[in-house]
Structures are given as structure tokens and as C-alpha cells.
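# Remarks on the overall topology
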Amino acid sequence: MNYDLLRDKKIALLLSGGVDSAVVLHELSSHGLQPDCFYIKIGPEEDEEWDCSSEEDMEMATALAARYGCRLSVVDCHHEYWDKVTRYTMEKVRAGLTPNPDVMCNRLIKFGAFDEKRGHEYDLIATGHYAQTEIEDGKKWLCTSPDPVKDQTDFLAQIEGWQLQKALFPIGHYMKEEVRQIAEREHLINARRKDSQGICFLGKINYNEYIRRYLGDNPGDVVELETGKLIGQHRGLWFHTIGQRHGLGFGGGPWFVVRKDIAANVLYVSKGYEPRTAYRDTFAVQAFHFLTEEVEMTEVTFKIRHTPEFHTARMEKTGDGCYIVYSDEMLHGVAPGQFCVVYDRQHHRCYGSGEIAHEECPQQK
């Protein structure tokens, strides 16, 4: 990263209290830059036990900002989070889909609501994401981190083009272990603090309890796909996702969730270890969102979940924003509502992402 190009830029840093954003602060400060730091508060809607924006987070952020002589402000995005991200999550879950709240948090909160409240005052918004950017012919592209495990481009693949223009990822070229080493070398207060896991705002609350809070139960039949045999009852289709094996609670298995019939409220399962019905190599993607510009996506790599592995495929455009993905390998748990994140053949440049459709894109019907 050429820090000389940033000297005339006004930078806002999202400081969470975690080690990644702490090292971002160190990186910027060590190159003579002094960002204004912001702690985004999302917190619980009502019950305090839902709050993962703990006093410890705030204490860490306060101590780090003070050490580097930077101003720290708290920006309350509580209502925006619960209005926008929770609404998105519940609408998708109610429709039988598999949403990704963390993806939408980046688009709607970190680079969205924050920008509306304070970020618009700044040229750049720096975060601790493991991602990189590059500029070619005046166009800014989102690129992968060298750390395949920590790479977070899949979580950023729904941000708007103008948000990408403002995004700054100062540690995106590092491996996670290098970030830890920097934190320990510089004796940062949170050098050995564990990374947060799962969906932040839930805190200690189980995801299914979160869903039940808003949607309740809606019992229905569980049926074996191949035989039509009634296996048992489910408490609600929204508690299950395509490809799920654990937590079904039916004897005589193992069982895998392979299909949902939303209209009939029926959950279809298949029996055995990794049954053929749990795999797909062809699926439709709708509402594809390009980060920088629309590109030809005949030969690509892609992800459908946050894993280090990339899959190769060819894609065929079938309508406005709609594509068919022909994967070179069979994939487990292709679930409607998941984001299919698409990259170039070298899985370096991220083109964008689209939502996996139930069967086919609306334009095809």
C-alpha cells in the first residue's frame, strides 16, 4: 500500500476493540497518518444479554485510540441494524431461504448507516477486513487476501461501488499470524484477544432462538425424499438449511436436509452418509451485483460459503442479473438465499455476488 497517496486524505477508522482493527490503527499511525476512530454500537434490541458490544470492546478501543493520540467517537447504529439487517434476515428466513446477515451488515451498516451518520465527512473508511483493492485504468477492484482462511472478500461482495471507492483495508496484505505478531511486537493491549465468532450481535444467544423470537414455531412434516415416508415433525422450516445434517433429531439416520416445500410446509430429507441428493453441480443465481463493472463471466471461480476453497465453473447469462452456474464439481448444501460470490479464474479479483435462486431465475419462468 502506498501510504504517501493517503497523506491528503481524511480517514475514518472503524475501531472495534479486536486485534485486526487495532493493527490497522498501528499501521496507519506508523506511516504518519492520524485517522479519526469510530466505535459502531449495534447492541441488542431489548434484552441486555444479547449485547456483544461489551464494555471490554469499548475499553480496548478507548485505550488504543488514546495510545496513538487519535480521537474516538461512538456512533450508535442500533436502530439501523435491527431495522435493516434483522428485517432482511427475517424476510429471507420466512421465505425458506438461507440469508447471510454479516454480508448485509457490511453493506447496510459499516459502509452504509455509518457513512450516513459520520463517514460522509471522510474520504476513506478503514477497516480490519482481510481484503485488498487494486486500481487499473482508474477502476477500483476488490481483491482477495493472501490468507485463504481469513479472506473476507465474500463478506464484502455486496457493497455498493461508491462504498468500495471509500474502502481502505490496511492489513489486507497480511496473513493472520503476521497481524498477531505485529500486535504482540507492539504490545497492543488486545494482542492475544480471541477473534469473535459467529454473528456478532447475537452474543450468547443461539441462532435458532433468535429466529424463534421473531417468527415463532410453525410445525410441519419431515418426509424422506426418495420414498415419501413420514419421518417426523419439524418446528419450522426456518430452523433448517439445505445440506444440514446435525441437529435434526431423527433416529435411523444420518439424515440430510435436501429440499423445502414452502407452500406445503414440508421438509424433505435423505438418508445415508453424504447422499447424492445433497449435492448439486448446476444452480441459478439471480440479482447479480457487480462491484466495479459488469464483466464477462464465462470461466470463473466461486464460493457459496465462507471457506478457504474456491470452485471452478462456467457461467451462462440467462437474463438481467440472472445466471446459471455450471460447477466443475458436485457441491454439498447449495441453499437458496446463499450468496454465490464470483471471482476471476485465478480467484484474485472479486467480480461480485448474486443470490442462489430456488430453482430458476424469475426471468426464465
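Going along each chain's sequence as written, the residues are numbered from 1 onward. With pLDDT at 70 or above as the cut-off, local features in this predicted model cover only qualifying residues; side-chain atom pairs require 80 or more to be listed or tallied, and sums for whole chains, interfaces and linings still use all residues. Heavy atoms from the whole structure form the basis of all side-chain values; hydrogens and water molecules are not counted.

### Looking at the sheet that holds strand S4 (residues 124-126)
Strand pairing requires that DSSP identify at least two bridges connecting the strands. Secondary structure elements follow DSSP: runs of H or I of four or more residues count as helices, runs of E of two or more count as strands, with numbering from the N terminus. Taking strand neighbours across the sheet as the criterion, the five strands line up as S3-S2-S1-S4-S7 in an open arrangement whose pairing is parallel. Across the chains shown, the open sheet's two edge strands, defined by having one partner strand only, are strand S3 (72-76) and strand S7 (167-168). As paired elements, S4 and S7 share two bridges and run parallel to each other. Bridge pairing links Ala 126 to Leu 168 in S7. Contacts are assigned to residue pairs that have any heavy atoms within 4.5 Å of one another. Geometry is summarised by axes, namely lines fitted to C-alpha atoms with helices restricted to the contacting stretch, and by angles between N-to-C directions that run from 0 to 180 degrees. Sheet strands touched by helix H1 (residues 19-30): strand S1 (11-14), strand S2 (36-41), S4 and S7. Its angle to S1, the strand with the most contacts, is close to 155 degrees. Strand contacts of helix H2 (residues 55-67): S2 and S3, with the helix running at about 145 degrees to S3, the strand carrying the most contacts.

### Comments concerning helix H7 (residues 176-185)
For the exposure calls, accessible area comes from a 1.4 Å probe over protein chains only, and a residue counts as buried if that area is under 20% of its type's maximum, exposed if over 50%, partly exposed in between. When we look at burial in H7, the residues that qualify are Lys 176, Val 179, Arg 180, Ile 182 and Ala 183. Along the axis of H7, the buried residues cluster in a sector spanning 160 degrees; they form a single face. Turned more than 90 degrees off the buried face of H7, the exposed positions are Glu 177, Gln 181 and Arg 185. Of the surrounding elements, those touching the buried residues of H7 are H1. Looking one or two residues beyond H7, the residue adopting positive phi is His 187, at roughly 55 degrees. The directions considered for the arc run from the helix axis to the C-beta atoms.

### Some remarks on the sheet that holds strand S10 (residues 255-261)
Taking strand neighbours across the sheet as the criterion, the four strands line up as S9-S8-S11-S10 in an open arrangement whose pairing is mixed. Among the strands making up the open sheet, the edge pair consists of strand S9 (230-234) and S10. Looking at each pair of strands side by side, their axes are set apart by 30 degrees on average, direction ignored. Two strands pair when backbone bridges link them, and strand S8 (residues 220-224) and strand S11 (residues 266-271) are joined in this way by three bridges, in the parallel orientation. Across the sheet, Glu 224 pairs through a bridge with Val 269, a residue of S11.

### Details of the side chain of Ser 270
In this fold, Ser 270 is placed in strand S11. Judged by relative accessible area, which is 0%, Ser 270 ranks as buried. Side chain to side chain, Ser 270 and Glu 226 meet in a polar contact 2.7 Å long. In protein, a polar contact means a hydrogen-donor-capable atom and an acceptor-capable atom, both N or O and within 3.5 Å, with residues adjacent in sequence counting only if both atoms are side-chain atoms; elsewhere, any N or O pair within 3.5 Å suffices.

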